[in-house]
Amino acid sequence: MQNKEKKVVEYVKSFIREVPDFPKKGILFYDITPVLGDPKGFSMLIKHFKERYVNKKITKVVGIESRGFIFGGALADSLSAGFVPVRKRGKLPYKTVQKEYSLEYGTDVLEMHEDAITKDDRIILCDDLIATGGTAQAVAELIEQQGGKIIECAFVIELNFLKGRNKLLPREVHSILQY
Ligand code: AMP
């Protein structure tokens, strides 16, 4: 890891709040809101992603509801790219394409507007955190189904022990902080 990257990791990690038993017993929740509230921390994260993707001709950043909207929106602006929200079922107003994905108990559905992505799009898929990888995998499939090319899947946090990135193979995956 380069010195500059180490500094980002050290600084930002000090702002990640670990909350035990949220939203339910046994889950250690990585709360990113203290980073968002720190102007230097938030800006460091967006700059890190921007430097990584600025020369990759990215046309759209796809953010996953809801924390993926925060990082994805800022990143899209910094790359002068468009932003595409992927939302839980029933939230988007126009015609959608959908993907069902597995949760710990049962399944849920993610949606994207049917005209949000075209076959010429070069895309960064963005979320705050990758755990099991099920959510990002569903979104990746949705994007590719619409003909978009995923250049990389970008996360602020990766929970290594859950091996979520394996679900995204052979796509490129990048995270800033690992636990
Ligand atoms: P997964 O599909 O298991 O990779 O879960 C990823 C989604 O759930 C992301 O949108 C995360 O924001 C959220 N998530 C899962 N586990 C955690 C956790 N331990 N702390 C914070 N967010 C989490």
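Now for a quick tour of the structure. The shown structure was predicted, so the numbers you read here are calculated from the model rather than taken from an experiment.

Structural notes on the packing of helix H3 (residues 39-53) against helix H4 (residues 67-78)
The geometry of H3 relative to H4 is characterised by a closest axis approach of 10 Å and an angle of 55° between their N-to-C directions. Classed by the angle they form, the pair H3 and H4 counts as oblique. As H3 packs across H4, the resulting crossing turns out to be right-handed. The residues of H4 that touch H3, namely those facing Phe42, Leu45, Ile46, Phe49, Lys50 and Tyr53, are Ile70, Phe71, Ala74, Leu75 and Ser78. Tallied by class, the residues present in the contact of H3 with H4 amount to nine nonpolar, one polar and one charged.

A closer look at the pairing of strand S4 (residues 82-88)
Here strand S3 (residues 60-64) runs beside S4; their pairing, made up of five bridges, is parallel. Paired with Lys60 across the strands is Gly82, a residue of S4. Following the backbone out of S3, through H4 and into the adjacent parallel S4, one traces a crossover that is right-handed. Pairing geometry for S4 and strand S6 (residues 107-113), over two bridges, is antiparallel. Bridge pairing links Arg87 to Glu111 in S6.

Some words on the pairing of strand S8 (residues 149-158)
Counting buried residues in S8 gives nine out of 10 residues, a clear majority hidden from the surface. Pairing analysis gives eight bridges linking strand S7 (residues 122-130) to S8, with the strands arranged parallel. Directly across from Cys126, in S8, lies its bridge partner Ala154. As a crossover connection, the stretch from S7 through helix H5 (residues 134-145) into S8 is right-handed. In terms of strand pairing, S8 meets strand S9 (residues 173-178) through five bridges, oriented parallel. Paired with Ile157 across the strands is Leu177, a residue of S9.

Details of the layout of surface pockets
Of the voids in this model, the largest pocket is the one considered here, and its volume is about 1200 Å³. Forming the walls of the largest pocket are 38 residues, and the residues nearest its centre are Leu103, Leu129, Ala131, Thr132 and Thr135. For the lining of the largest pocket, the elements supplying multiple residues, two or more each, are strand S2 (28-31), strand S5 (96-102), S6, S7 and H5. Per element, the largest residue contribution to the lining of the largest pocket is six residues, and it comes from H5. When the residues that make up the lining of the largest pocket are grouped by side-chain class, the tally is 18 nonpolar, eight polar and 12 charged. Considered as a void within the structure, the second largest pocket measures approximately 270 Å³ in volume.

Some words on the sheet that holds S4
The strand order across the open sheet built from seven strands is S5-S6-S4-S3-S7-S8-S9, with neighbouring strands paired in mixed fashion. Of all the strands in the sheet, just S5 and S9 have a single pairing partner and so form its edges. Sheet twist, expressed as the average angle between the axes of neighbouring strands with direction ignored, equals 20°. Lying over the sheet, H5 contacts S3, S4, S5, S6, S7 and S8, oriented at roughly 150° with respect to S5.

A closer look at the site of the ligand
Near the ligand lie 14 residues; those nearest to it are Asp127, Asp128, Thr132, Gly133 and Thr135. Note that an oxygen atom of the ligand is positioned 2.8 Å from one of the side-chain N or O atoms of Arg67. Protein coverage of the free-state accessible area of the ligand, which is 490 Å², stands at 81%. The cavity where the ligand resides is the largest pocket. Those elements that provide at least two residues to the shell around the ligand are S2, S7 and H5. Among the elements that line the shell around the ligand, the one with the most residues is S7, at four residues.

Rules and cut-offs
Residues numbered from 1 in each chain as written. Predicted model: local features only at pLDDT ≥ 70, side-chain atom pairs only at ≥ 80, totals over all residues. Heavy atoms only, no water. Axes fitted to C-alpha atoms, helices over the stretch in contact; angles between N-to-C directions. Helix = DSSP H or I, 4+ residues; strand = E, 2+ residues; numbered from the N terminus. Parallel < 35°, antiparallel > 145°, perpendicular 65-115°, else oblique. Left-handed = near helix turned anticlockwise from the far one by under 90°. Contact = heavy atoms within 4.5 Å. Nonpolar A, V, L, I, M, F, W, Y, C, P; charged D, E, K, R; others polar. Pairing = 2+ DSSP bridges. Right-handed = clockwise from strand over helix to strand, strands pointing away. Buried < 20%, exposed > 50% of the residue type's maximum accessible area, 1.4 Å probe, protein only. 1 Å grid on protein atoms, 1.4 Å probe; cavity = no way out; pocket = protein on both sides within 12 Å on 5 of 7 lines; lining within 4 Å. Points joined across faces, edges and corners; volume = space filled by probe spheres on them. Near = heavy atom within 4 Å. Polar contact = N/O pair within 3.5 Å; in protein donor to acceptor, adjacent residues only side chain to side chain. Areas by Shrake-Rupley, 256 points an atom, 1.4 Å probe, with all protein chains shown as cover. Sits in = over half its atoms within 2 Å of the grid points.

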